[in-house]
Amino acid sequence: MAKLVAFYSRADENYFGGQYRSITVGNTEKVANMIAKAIGGEQFKIEQKIPYAADYQTCIQQAKADKQANVRPELAAFPVSLDNYDEIYLGYPNYWGDMPMAVYTFLEAFDWTGKTIHPFCTHEGSGLSGTERKIARICKGARVTDGLAICGSNVDRSTETVRTWLSGQGDRK
Ligand SMILES: Cc1cc2nc3c(=O)[nH]c(=O)nc-3n(C[C@H](O)[C@H](O)[C@H](O)COP(=O)(O)O)c2cc1C
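Reading guide: rules and limits
- Residues numbered from 1 in each chain as written.
- Predicted model: local features only at pLDDT ≥ 70, side-chain atom pairs only at ≥ 80, totals over all residues.
- Helix = DSSP H or I, 4+ residues; strand = E, 2+ residues; numbered from the N terminus.
- Rg over C-alpha atoms; globule rule 2.2 N^0.38 Å.
- Buried ≥ 20, exposed ≤ 12 C-beta atoms within 10 Å, placed from the backbone.
- Contact = placed C-beta atoms within 7 Å.
- Near = placed C-beta within 6 Å.
- Axes fitted to C-alpha atoms, helices over the stretch in contact; angles between N-to-C directions.
- Parallel < 35°, antiparallel > 145°, perpendicular 65-115°, else oblique.
- Left-handed = near helix turned anticlockwise from the far one by under 90°.
- Nonpolar A, V, L, I, M, F, W, Y, C, P; charged D, E, K, R; others polar.
- Pairing = 2+ DSSP bridges.
- Right-handed = clockwise from strand over helix to strand, strands pointing away.
- Expected span 1.5 Å × (residues − 1).
- Core = buried A, V, L, I, M, F, W, Y, C linked by C-beta atoms within 7 Å.

Draft legend 1. Up close: the overall build of the protein chain. Broken down by element type, the protein chain carries five helices and eight strands. Along its sequence from the N terminus, the protein chain presents helices and strands in the succession β-β-β-α-β-α-β-α-β-α-β-β-α. For 173 residues, the compact-globule estimate of 2.2 N^0.38 gives 16 Å, and the C-alpha radius of gyration of the protein chain, at 15 Å, lies within 12% of that figure. Seen through its C-alpha atoms, the protein chain measures out along the principal axes to roughly 40 × 35 × 25 Å. Within the protein chain, buried positions represent 34% of all 173 residues. Taking contacts inside the protein chain between residues at least 6 apart in sequence as the whole, the part at least 24 apart equals 78%.

If you want it as structure tokens, here you go:
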């Protein structure tokens, strides 16, 4: 069975330890690339049909409004099926102490019975914020492993952290 690295990530303007910077590849996407390379997995980028604004302040307000309204933003596309995958590495940025609502859209679209989900997130201080439990609640019948949380400002020097986490992911939980 193949492995899939499914992730949500946003480029454009972001906030790094006190200052704004415009980036072309988002933090979570960088971690997703490291994981895909290490495990030889395929990748799927979870993208909203209508992306949030490139401007950081507008984006955080849009994401906050979507969380408060508990909406499920429409996605640009879905994988046809997850039948070929038994292990899914699921990556997302921490948005307001939660996953972006588009990740809920993605998770609720599939039957996760018998699959293993390896959550990983990037953040600026909040870590995983209990998102592993939320994933387990939605993805009935899946095994959800201990997640990986990497501070977004540190992704470029996190290769070793990712490798160590991956080597522990075979352990049953
Ligand atoms: C809408 C929004 C909300 C965020 N909320 C939080 C938060 O509650 N806690 C936190 O630690 N970081 C928060 N962040 C920071 C992101 O989690 C962090 O920059 C992450 O690495 C972005 O990943 P990306 O570049 O893959 O999109 C937020 C960022 C955005 C854009």
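Picking up after the structure, the text goes on.
Draft legend 2. How the structure looks around the site of the ligand. Close to the ligand lie 21 residues, the nearest being G26, T28, P93, S126 and G152. Of all the secondary structure elements, the ones that give two or more residues to the shell around the ligand are helix 1 (27-39), helix 2 (56-68) and strand 6 (116-123).

Draft legend 3. Highlighting the packing of helix 1 against helix 5 (residues 159-168). For the pair helix 1 and helix 5, the least separation of the axes is 10 Å and the interaxial angle reads 50°. Overall, the two elements helix 1 and helix 5 adopt an arrangement that is oblique. The crossing of helix 1 and helix 5 is right-handed. Together, V31, M34, I35, A38 and I39 of helix 1 and T159, V162, R163 and L166 of helix 5 make up the contact between the two elements. Taken together, the residues of the contact of helix 1 with helix 5 sort by class into seven nonpolar, one polar and one charged.

Draft legend 4. Spotlight on the environment of I150. Within the fold, I150 resides in strand 8 (residues 148-151). Residues I150 and S126, spaced 24 residues apart in sequence, show a C-alpha to C-alpha distance of 9.9 Å. Those residues in contact with I150 that lie beyond four places of it in its chain are V31, T122, V155, S158 and T161.

Draft legend 5. Focus on the pairing of strand 5 (residues 85-93). Most of strand 5 is tucked away: seven of the nine residues are buried. As paired elements, strand 1 (residues 2-7) and strand 5 share six bridges and run parallel to each other. Across the sheet, the residue bridging to F7 is G91, located in strand 5. Sheet topology places strand 5 next to strand 6; seven bridges connect them, and they run parallel. Across the sheet, P93 pairs through a bridge with T122, a residue of strand 6. For the crossover that starts at strand 5, traverses helix 3 (residues 101-107) and ends in the parallel strand 6, the hand is right-handed.

Draft legend 6. Region of the structure containing helix 1. Look at helix 1: 19 Å from first C-alpha to last across 13 residues, which is about the 18 Å you get at 1.5 Å a residue. Contacts from the buried residues of helix 1 go to strand 1, strand 4 (42-45), strand 5, strand 6, strand 8 and helix 5. Looking one or two residues past helix 1, G40 carries a phi angle of roughly 70°, positive in sign.

Draft legend 7. Main features of the nonpolar core. A6 and V103 are the most contacted members of the largest nonpolar core, which totals 37 residues. Secondary-structure elements contributing two or more residues to this core are strand 1, helix 1, strand 5, helix 3, strand 6 and strand 8. Sorting elements by how many residues they give to this core places helix 3 first, with six residues.

Draft legend 8. Region of the structure containing the environment of D146. Of note, D146 is situated in the loop between strand 7 (143-144) and strand 8. What makes D146 partly exposed here is the crowd of 13 C-beta atoms within 10 Å. Each C-alpha atom, one on D146 and one on S126, is 16 Å from the other, the two residues being 20 residues apart in sequence.

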